[in-house]
Amino acid sequence: MTPTVREPVEAAWSGGNVEHVPSCPACSSTIRTLHAARVFDHLDPIGSDLWTVWRCATCRSIYPDPRPSDDSIGRAYSHYYTHHAEIQPRRAMSLRHLGMSMVAGYMSRRFGYASKSRSVLGFLGFIVFSALEPLRLKLDYHGRHLFLVGDNGRRVLDVGAGNGEFLKRAGSMGWFATGLDPDAAAVMACQKQGLDARFGSIEDVDDRDFPAAFDAITLRHSIEHVPSPQADLLQCLTKLRPGGMLWLAWPNPRGPGATVFGPAWRGLEMPRHLCIPSEAAMRHMLEDAGYVSIRTIRRGHHARSFARGSGLIASYRPGAANRIRRAIAGIVGHLADVAATFHARGGEELVMVAFAPEENVTRG
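Predicted, not measured: the structure shown is a model, and the values here were computed from it.

Calculation rules
Residues numbered from 1 in each chain as written. Predicted model: local features only at pLDDT ≥ 70, side-chain atom pairs only at ≥ 80, totals over all residues. Heavy atoms only, no water. Patch = residues over 30% accessible without salt bridge, like charges linked within 9 Å, V, L, I, M, F, W, Y side chains within 5 Å. Areas by Shrake-Rupley, 256 points an atom, 1.4 Å probe, with all protein chains shown as cover. Salt bridge = Lys/Arg side-chain N within 4 Å of Asp/Glu carboxyl O. Helix = DSSP H or I, 4+ residues; strand = E, 2+ residues; numbered from the N terminus. Buried < 20%, exposed > 50% of the residue type's maximum accessible area, 1.4 Å probe, protein only. Arc of directions from axis to C-beta. Contact = heavy atoms within 4.5 Å. Polar contact = N/O pair within 3.5 Å; in protein donor to acceptor, adjacent residues only side chain to side chain. Pairing = 2+ DSSP bridges. Axes fitted to C-alpha atoms, helices over the stretch in contact; angles between N-to-C directions. 1 Å grid on protein atoms, 1.4 Å probe; cavity = no way out; pocket = protein on both sides within 12 Å on 5 of 7 lines; lining within 4 Å. Points joined across faces, edges and corners; volume = space filled by probe spheres on them. Nonpolar A, V, L, I, M, F, W, Y, C, P; charged D, E, K, R; others polar. Core = buried A, V, L, I, M, F, W, Y, C linked by side-chain atoms within 4.5 Å. Right-handed = clockwise from strand over helix to strand, strands pointing away. Phe/Tyr/Trp six-rings, centres within 6.5 Å; stacked < 30°, edge-to-face > 60°. Lys NZ or Arg CZ within 6 Å of the ring centre and 35° of its normal.

Some words on a nonpolar patch on the surface
Alright, step 1. There is a patch of nonpolar side chains on the surface, built from Ile46, Leu312 and Tyr316 and spanning about 330 Å² of accessible area.
Alright, step 2. Mapped onto the fold, Ile46 is located in the loop between strand E4 (32-39) and strand E5 (49-56).
Alright, step 3. For Ile46, a relative accessible area of 62% puts it in the exposed group.

What follows is the structure, given as structure tokens:
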């Protein structure tokens, strides 16, 4: 059997054509330094494609150059997790069942919706999780901080809806949830579950699709998948009602994982992540787009599985440094959890909210 030839991608990749990216997609600066070389797709660690990743010297965002062309990027998602609907296991009365009832009790009170868990057990869950800061922050994240919207409406658009996990959660919280995804297989996975999911990107949506503005738009690990994040942020603003909330979560390019694991960092996600903005770059893009009341929110408990993924990637890479990375992955995850509990920029993810101005926004 002929061994796979592994060379850095230059003129083409195994999925098709590439395009070169001479300037940072987040800030347009052409000044950059090499962040990581010979980065492989963690879904295919022995594949032929090796990517080169750069760090912008101006805004500190991370991006690949070259990257897949628009007409070939879809092939990078052929085995992506969003193609499969989540199967909910049947839960017997057990400690896990009791724990989930307590979680539901916290969520119903925190997010203000009716639930069967408004019981003694649910109330206990609210007390317990309110007191445990890392877990409280984690649960607030899973509800995407929709309590910040207030009582002015309950229409939410999830951009990059994937397999519909959040659409189901938002529906159980009393929100009218619509999903949008450019991956047809992911949309099909949502629709098979009876969820409202549409094919396309935020740029494809017009008033004929959604005649009423949304009270919230969420993008969880979605903004880093688009070639022009500023353009998507502008499009989201036109779809929000005055005072509506934009919610974003994406990998932290200046967090402990990016620093420790380097080319083995799980957040690189080559070749699907086209730009991973720094916190400063995202704030600047939001301000330029016209958003107000922008703030970064602490993430809490979340990083250990992310760190384990980075450790696994390191095990496929040669050298003593990667053996060390593999060995300390668990420690890095614990430290990132602690950092993310106390500092909004300390963890493996960044979470940010921004609001449309209260005055009318032109929709188009």
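Still more to cover.
A closer look at helix H5 (residues 184-191)
Alright, step 1. Ala186, Val187, Ala189 and Cys190 are the residues of H5 that are buried. Along the axis of H5, the buried residues cluster in a sector spanning 155°; they form a single face.
Alright, step 2. Residues of H5 that are buried sit in contact with helix H4 (165-172), strand E9 (176-181) and strand E10 (197-199).
Alright, step 3. The opening residue of H5, the one whose side-chain oxygen lies 3.0 Å from the backbone nitrogen of Ala185, is Asp183.

Some words on the sheet that holds strand E12 (residues 240-251)
Alright, step 1. Pairing is mixed across the open sheet formed by 7 strands, whose spatial order is E10-E9-E8-E11-E12-E14-E13. Edge strands, defined here as strands with exactly one partner in the open sheet, are E10 and strand E13 (292-297). In this sheet, adjacent strand axes meet at a mean angle of 15° when their direction is disregarded.
Alright, step 2. Across 3 bridges, the pairing between E9 and E10 is parallel. Across the sheet, Asp181 pairs through a bridge with Phe199, a residue of E10.

With respect to the layout of surface pockets
Alright, step 1. The volume enclosed by the second largest pocket comes to roughly 270 Å³.
Alright, step 2. In terms of lining residues, the second largest pocket is bounded by 18 residues, among which Trp13, Ser14, Asp41, Asp44 and Asp49 are the most central.
Alright, step 3. Considered class by class, the residues forming the lining of the second largest pocket number 7 nonpolar, 6 polar and 5 charged.

A short note on the nonpolar core
Alright, step 1. In this structure, Ile217, Leu233, Leu246, Leu248, Met282, Leu286 and Tyr291 are the most contacted members of the largest nonpolar core, which totals 64 residues.
Alright, step 2. Setting aside anything within four residues of it in sequence, one finds Leu248 in contact with Leu219, Ile223, Leu233, Met282, Leu286, Leu350, Val351 and Met352.
Alright, step 3. Judged by nonpolar contacts, the second largest core, of 31 residues, contains Val103, Met107, Ala161 and Val187.

Comments concerning the pairing of strand E11 (residues 214-220)
Alright, step 1. Taken across its 7 residues, E11 has 6 buried, putting it largely inside the fold.
Alright, step 2. Across 3 bridges, strand E8 (residues 155-159) lies against E11 in parallel orientation. Counterpart to Val156 in the pairing with E11 is Ala216.
Alright, step 3. Sheet analysis places E11 next to E12, joined by 6 bridges and oriented parallel. Following the sheet pairing, Leu219 is matched in E12 by Leu248.
Alright, step 4. Regarding the hand of the β-α-β motif, the stretch spanning E11, helix H6 (residues 229-239) and E12 is right-handed.

As for the packing of aromatic side chains
The description of an aromatic ring pair rests on the distance of the ring centres and on the angle between the ring planes.
Alright, step 1. Taken as a whole, this structure holds 7 aromatic pairs when the rule is applied.
Alright, step 2. The ring centre of Phe166 lies 3.9 Å from the NZ or CZ of Arg144, which sits over that ring.
Alright, step 3. The ring of Tyr141 is capped by Arg299, whose NZ or CZ atom sits 3.3 Å from the centre of that ring.

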